[in-house]
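Inside the fold
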Amino acid sequence: MPQSPTVSLAAIPPAGGRIVILTGAGISKESGLETFRDPGGIWSKVRLEDVATPEAFARDPARCHAFYNMRRARHRSMDVQPNAAHHALVRLEKEWPGDVLLVTQNVDSLHDRAGSKNLIHMHGIYTQARCNDCGHALDWPGDMSVEDICSGCSRAGGLRPNVVWFGEMPMQMERIYEALRSCDLFISIGTSGNVYPAAGFVAAVRKMTDAHTAELNLEPSQGATLFAEAHYGPATQTVPAYVDTLLAAYQ
Ligand code: APR
């Protein structure tokens, strides 16, 4: 595990500064949703090759549906709610004197339910379905099966979770890179830095801009040494504190 930055340089962008935030599964952990690579995480219980690739879906769609049905059912339970970190990012979006774009790798809807508006789900969202036959996308909060019929083309068997599987292109990448190219602050929250292209965002920001970079994670990520600033601890503590620091400069 790389060492975290030796110097934590707190730097506040100018008023009007553009902030890009990347989140991963760690921000949803304290809401009761599992991460992927922590001990006991999702990929320690099921092989991603069996449930999260186009080939897996073609081979055994029922198994893929069962995997996402289980995650959607967990997500629907009453005790899974946005936490203080999600709410702090909504406050930042509302009160920061500049543009704030939130890019999440997460396929849960906790950022949406917290109230984030300028939000990109680069890996899609499992509370939507997409039809492999006609491309129609629709909200789908409940269970999905191969028998379900697409309301777009009236055919069964083509509906899949509207998520990005390994080997597929993440969503809205042009818009994301455009924001990275012009940001003044890049914040990475709750991600291990294992999966590209998201894991490459901090290097891209450093290459293309003079932006400040900050990592807020439980522990140093794979890309920890690329960040100018780091705060390690649970997101429900580090994110509200960091947002307070940013907003205090303009209040
Ligand atoms: N607060 C902050 N960070 C946390 C917390 C917490 N309470 N709990 C765990 N973390 C951190 C872990 O230290 C880890 O670095 O969150 C990170 C979670 O890493 P992963 O499980 O690898 O999840 P993520 O980085 O989001 O995975 C990226 O991989 O499997 C694919 O598509 C999937 O979007 C996912 C992508």
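Residues numbered from 1 in each chain as written. Predicted model: local features only at pLDDT ≥ 70, side-chain atom pairs only at ≥ 80, totals over all residues. Heavy atoms only, no water.

Moving on, we get to the site of the ligand. In the neighbourhood of the ligand, 23 residues make up the surrounding shell, with Ala25, Phe36, Arg37, Thr191 and Ser192 lying closest. A distance of 2.8 Å separates an oxygen atom of the ligand from a polar backbone atom of Ala25. About the coverage of the ligand: the protein hides 95% of its 740 Å² of free accessible area. (Near = heavy atom within 4 Å. Polar contact = N/O pair within 3.5 Å; in protein donor to acceptor, adjacent residues only side chain to side chain. Areas by Shrake-Rupley, 256 points an atom, 1.4 Å probe, with all protein chains shown as cover.)

Moving on, we come to the confidence of the model for the protein. Summing up the model confidence of the protein, the mean pLDDT is 94 and the portion of residues at 70 or higher is 96%. Note that residues 1–7 has pLDDT below 50 and, in this model, 20 contacts with residues that lie over four places away or in other chains. (pLDDT = per-residue confidence, 0-100. Contact = heavy atoms within 4.5 Å.)

In this model helix α5 (residues 84–95) runs 16 Å from its N-terminal to its C-terminal C-alpha over twelve residues, within 8% of the 16 Å that 1.5 Å per residue would give. Taken together, the buried positions of α5 are Ala85, His86, Ala88, Leu89, Val90, Leu92 and Glu93. Tucked into the core, α5 has its buried residues touching β1 (19–23), α1 (26–29), β2 (100–104), α6 (110–114), β7 (185–189) and α9 (235–248). Capping the start of α5 is the job of one residue whose side-chain oxygen sits 2.7 Å from the backbone nitrogen of Ala85: Asn83. (Helix = DSSP H or I, 4+ residues; strand = E, 2+ residues; numbered from the N terminus. Expected span 1.5 Å × (residues − 1). Buried < 20%, exposed > 50% of the residue type's maximum accessible area, 1.4 Å probe, protein only.)

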